[in-house]
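Breakdown of the fold
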Amino acid sequence: MTAPLMDAVRAVFAADGALARAEPHFHPRAGQTAMAEAVAQTIVDCGVLVVEAGTGVGKTYSYLVPALLSGKRVVVSTATKALQDQLFARDLPRLVQSLGLPLRMARLKGRSSYLCQQRLLQVRLGKQPLDAQVLRAVARVEDWSRSTRSGDMAELPDLAEDSQVIPLVTSTRDNCVGRECAHWQACHVNRARQQALEADVAVVNHHLFFADMEVRESGMAQLLPQAGVVVIDEAHQLNETGIQFAGLVLSSNQLLAYARDVMQDASDHARGMADWLVLAARVQQAVRDWRLVASTHRSAQPRLRWQGLAPDTLDAAQWRASTVHLGQALRAVVQALAGVLEMAPALMHLQERGQQLLQRLAHFVRPAPDDAVRWLDVGRQHLRLTESPLSIARLVREQLMAGHPALEVRAFSDADLAPGGAWAEAPDVTEVAAPAAGEDGAGSVAAAESAEPDPSPNTSPSMLPIPPAAANTAAAAHTAWIFTSATLGLGDDLRWFTEPCGLHGAQVLRVDSPFDYAHQAALYVPESFPLPGDAQHSDAVARLAGDGAAALGGRTLVLTTTLRALEQIGQQLRARFGLLEPMEVLLQGQGSKHALMERFRAGTVNGRGCVLVASSTFWEGVDIPGDALQLVVIDKLPFPPPDDPLVEARSRQLEQLGRNPFADYVLPEAALALKQGAGRLIRTETDRGILVVTDIRLRTKGYGRSMVEALPPMRRLGTEAAWKEALQALRSPAPL
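Let me sum up the structure you'll find in this document. (Residues numbered from 1 in each chain as written. Predicted model: local features only at pLDDT ≥ 70, side-chain atom pairs only at ≥ 80, totals over all residues. Heavy atoms only, no water.)

Counting secondary structure elements, the protein contains 28 helices and 18 strands. A buried classification covers 54% of the 736 residues belonging to the protein. The contacts in the protein between residues at least 6 apart in sequence include a share of 78% that link residues at least 24 apart. Of the roughly 31500 Å² that the protein leaves accessible, carbon and sulfur atoms contribute 52%. (Helix = DSSP H or I, 4+ residues; strand = E, 2+ residues; numbered from the N terminus. Buried < 20%, exposed > 50% of the residue type's maximum accessible area, 1.4 Å probe, protein only. Contact = heavy atoms within 4.5 Å. Areas by Shrake-Rupley, 256 points an atom, 1.4 Å probe, with all protein chains shown as cover.)

For the structure shown, the criterion picks out 31 salt bridges. The salt bridge partner of arginine 107 is aspartate 85, with a shortest N-O separation of 3.0 Å. Placement of the pair is arginine 107 in strand E3 (residues 105-107) and aspartate 85 in helix H5 (residues 81-99), with a sequence separation of 22 residues. Residue classification places arginine 107 among the partly exposed residues on the basis of a relative accessible area of 26%. The partner of glutamate 720 in a salt bridge is lysine 724, and the shortest N-O contact between them spans 3.5 Å. Taken together, the positions of glutamate 720 and lysine 724, both in helix H28 (residues 720-730) and four residues apart, correspond to about one turn of that helix. Residue classification places lysine 724 among the partly exposed residues on the basis of a relative accessible area of 48%. Through salt bridges that share partners, Glu52, Asp492, Arg510 and Lys675 make up one connected network. (Salt bridge = Lys/Arg side-chain N within 4 Å of Asp/Glu carboxyl O.)

This paragraph deals with the sheet that holds E3. The strand order E3-E4-E2-E5-E10-E1-E11 describes an open sheet built from seven strands, whose pairing is parallel. Two strands close off the open sheet at either side, each with one partner strand: E3 and strand E11 (507-511). Strand after strand, the sheet turns through a mean of 15° between neighbouring axes, direction not considered. Where strand E5 (residues 229-232) lies against strand E10 (residues 480-485), four bridges are found, and the strand directions are parallel. Of the residues in E10, the one forming a bridge with valine 230 is tryptophan 481. (Pairing = 2+ DSSP bridges. Axes fitted to C-alpha atoms, helices over the stretch in contact; angles between N-to-C directions.)

A few words on the side chain of serine 163. With respect to the secondary-structure elements, serine 163 resides in the loop between helix H7 (132-145) and helix H8 (166-169). Among the polar contacts made by the side chain of serine 163, one reaches the main-chain amide nitrogen of valine 165 at a distance of 3.1 Å. (Polar contact = N/O pair within 3.5 Å; in protein donor to acceptor, adjacent residues only side chain to side chain.)

Two residues of an α-helix separated by three or four positions point the same way, owing to the 3.6 residues in each turn. For H5, which comprises 19 residues, the first-to-last C-alpha distance of 25 Å matches the rise-based estimate of 27 Å (1.5 Å per residue) to within 8%. Where H5 bends most, the angle comes to about 40°, and this point is leucine 87. Of the residues making up H5, those classed as buried are Leu83, Gln84, Leu87, Asp91, Leu92, Leu95, Val96, Ser98 and Leu99. Two or three places before leucine 83, at the opening of H5, threonine 80 has a side-chain oxygen 3.3 Å from that residue's backbone nitrogen. Just downstream of H5 lies glycine 100, where phi reads positive at about 65°. (Expected span 1.5 Å × (residues − 1). Bend = angle between axes of the 7 residues up to and from the residue.)

We note that threonine 313 has phi near 75°; this positive angle belongs to a residue other than glycine. In this fold, threonine 313 is placed in the loop between strand E7 (303-305) and helix H14 (316-338). The class for threonine 313 is partly exposed, based on a relative accessible area of 28%.

A separate point is the sheet that holds E7. Backbone-to-backbone hydrogen bonds pair the strands of a sheet. The strands run either parallel or antiparallel. What the four strands build is an open sheet, ordered E6-E9-E8-E7; its pairing is antiparallel. The open sheet is flanked by strand E6 (248-251) and E7, the only strands paired with a single partner. Averaged over neighbouring strand pairs, the angle between their axes works out to 20° when direction is ignored. Examined bridge by bridge, E7 and strand E8 (residues 373-378) share three bridges and lie antiparallel to one another.

Glancing now at the nonpolar core. Judged by nonpolar contacts, the single largest core of 47 residues is most densely connected at Met401, Phe483, Phe497 and Leu503. If you look at the next biggest cluster of nonpolar residues, it comprises 42 residues, including Ala266, Ala270, Val333 and Val334. (Core = buried A, V, L, I, M, F, W, Y, C linked by side-chain atoms within 4.5 Å.)

Neither face of strand E16 (residues 631-634) is left uncovered, since the one carrying Leu631 and Val633 and the one carrying Val632 and Ile634 both have all their residues buried. When strand E13 (residues 556-559) meets E16, the two strands line up parallel, connected through four bridges. Bridging across to E16, leucine 559 finds its partner in isoleucine 634. Bridging between E16 and strand E17 (residues 689-693) involves four bridges; their strand directions are parallel. Along E17, the bridge assignment pairs leucine 631 with isoleucine 690.

Take the pairing of E5 next. Residues Val229 and Val231 line one face of E5 and the alternating positions Val230 and Ile232 line the opposite face, and both faces are buried. Across four bridges, the pairing between strand E2 (residues 74-78) and E5 is parallel. Of the residues in E5, the one forming a bridge with serine 77 is isoleucine 232.

Considering the arrangement of structural elements, one finds arginine 140 in helix H7. Taking the C-alpha atoms as reference points, arginine 140 and leucine 156, separated by 16 residues in sequence, lie 8.9 Å from one another.

Here we take up the environment of serine 145. Relative to the elements of secondary structure, serine 145 occurs in helix H7. Ignoring any residue separated from it by four or fewer positions in sequence, one finds serine 145 in contact with Leu115 and Leu120. Polar contacts involving the side chain of serine 145 include one to the main-chain carbonyl oxygen of glutamate 142, which spans 2.6 Å.

Between helix H21 (residues 537-552) and H28, whose axes approach to 9 Å, the crossing angle comes to 30°. Put simply, H21 runs roughly parallel to H28. When the axes of H21 and H28 are compared, the crossing they make is right-handed. Contact with H21, carried on its side by Leu544, Gly548, Ala551 and Leu552, involves Trp723, Leu727 and Leu730 of H28 and no other residues of that element. Taken together, the residues that form the contact of H21 with H28 break down as six nonpolar, one polar and no charged. (Parallel < 35°, antiparallel > 145°, perpendicular 65-115°, else oblique. Left-handed = near helix turned anticlockwise from the far one by under 90°. Nonpolar A, V, L, I, M, F, W, Y, C, P; charged D, E, K, R; others polar.)

Written out as structure tokens, the structure reads:
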């Protein structure tokens, strides 16, 4: 099979091949063909391949062409819904048509993307008070529900992603009643899953990818074991996504959703058997009190480390008291539901959810294990408690790819992940810390838990590893795995990615970008500039970015490392370019990401250019080819926050191994994030632009050289005069 598949792949990418005949702008690229050949060989060998493909290589076609031609079932996973939608709606149909292959394709999203008909019915018939705006939105959803075939909420363009309606009319794993639901056969989630199981190519995302592993453990689906080829695109986000599923999570949103469902379902099925409105209201109030205690934190970071009985900077006694109060409120609901279980299956499901929430809450009452990292995320409207391993290495090797012959058989050590003690078994909820002297033990979370142990621990986020099933191990041996991204490491071994993902023994390939960066792009680091910690730094960034935007008529993207810098730089730019100036300043958060990007791509509109100031998600996944973007300004080197609990725990682990946390972890993280941000600038062979990094540590620190080497090979602008000259060159059609 090696020769036929390899020959077919080479023929497709040839100058007179199928792609050249179908797409007028296609031309053969050596890097793209080399990657496609490596993918083809990996498919034949049922191997494991890790590919870093520079911007412009065309990695999507490089993995899709051999995967589609192989005749095997294919699963592609992306980190973002944007790429998932692009693959399904544009790239796959175009490629399938070009290759003349009669393949079935499916896109599978998470539960919250699909309308739940049972939840919609409950909203329509329920007595829960809703404001007029929400009711109008529900009415639009109901009208649409009569005609939709997929139930995908994305079909409602006027419905904002953060709309209050979405959690009301979609389901979660917690509130889905399963086969007891009257709409089980017509369920949009079930139909989407069935279509994915029947498809030749299924496109999913990383969150759903890991969630499907839990689904497989319960025997509900077999998507991954059926795949002959699995492609993980945007693989650089795999570890951070995976650890969310390898630990334990409890959030205020989960608790409030449970209270709403109690108010709705219990009132419908067991009216008069208890005062359900009061019971649910007590849970809601307890959650609000809990959030109030957390809001008193004195940290500049929204993520609080948690090494003792309470998160750092919080009053331990207040935290424990509010947690116990929440446990009492939950326990009261669970006890009331215990007396009405036979009245409806939904009530039994509600009680199980309550027990699971109590179990999770009880786990967080005890101190974190030594080999785990725990933290508290404090948002404006929510809390999120998380306990996690430091990497997904064990998850990958013992569950996701258990028994794959291409991976080295080796014992795990601290170099791969924290020791497995914390993840080897679920918590014993009868061992929660006893109440302090003088307290009533019956009022503690421990007492609430010991009365009703969780009967089905596998339905809640469980500690890993879970021993792999024999069928999964056998399937892994016949599956080819492709991991790819534009940024996967600094050295040729791509250890930054392979080590935390447990991919020792995988074949590694680096494919350079075909762009001529020395002629298309320039890098400017100011000679004299305020240090990143100075109060004047953000103002200086705003002045430099404003000068560049004024010279170019907009076309400027400013990427910040913090939301505080985003607001300060944005305010300064808006003060400089008022409503009457020929410049529009867009700020992340003032609208949806899609709306901001559409305006920015439009360039000059009604005589006004455009500047976009953004952070977080805009550092990657933003594709603005052409002249709409010619200047990218990065305010600071994106080092991970030193007081972030995960960063601290990973650094501490490396120190224990005798390694240098800065050189082996912190610096690579920053260099790769910088490379991601810089990658927004040049997207095609004809793009031109300037990257400005307003952090003089690139000039003055010893590590500056390695940071610059991680960037594409742009030419350097050494002086302010050279910077201004390059700006002038961008205004003319002459090459940079």
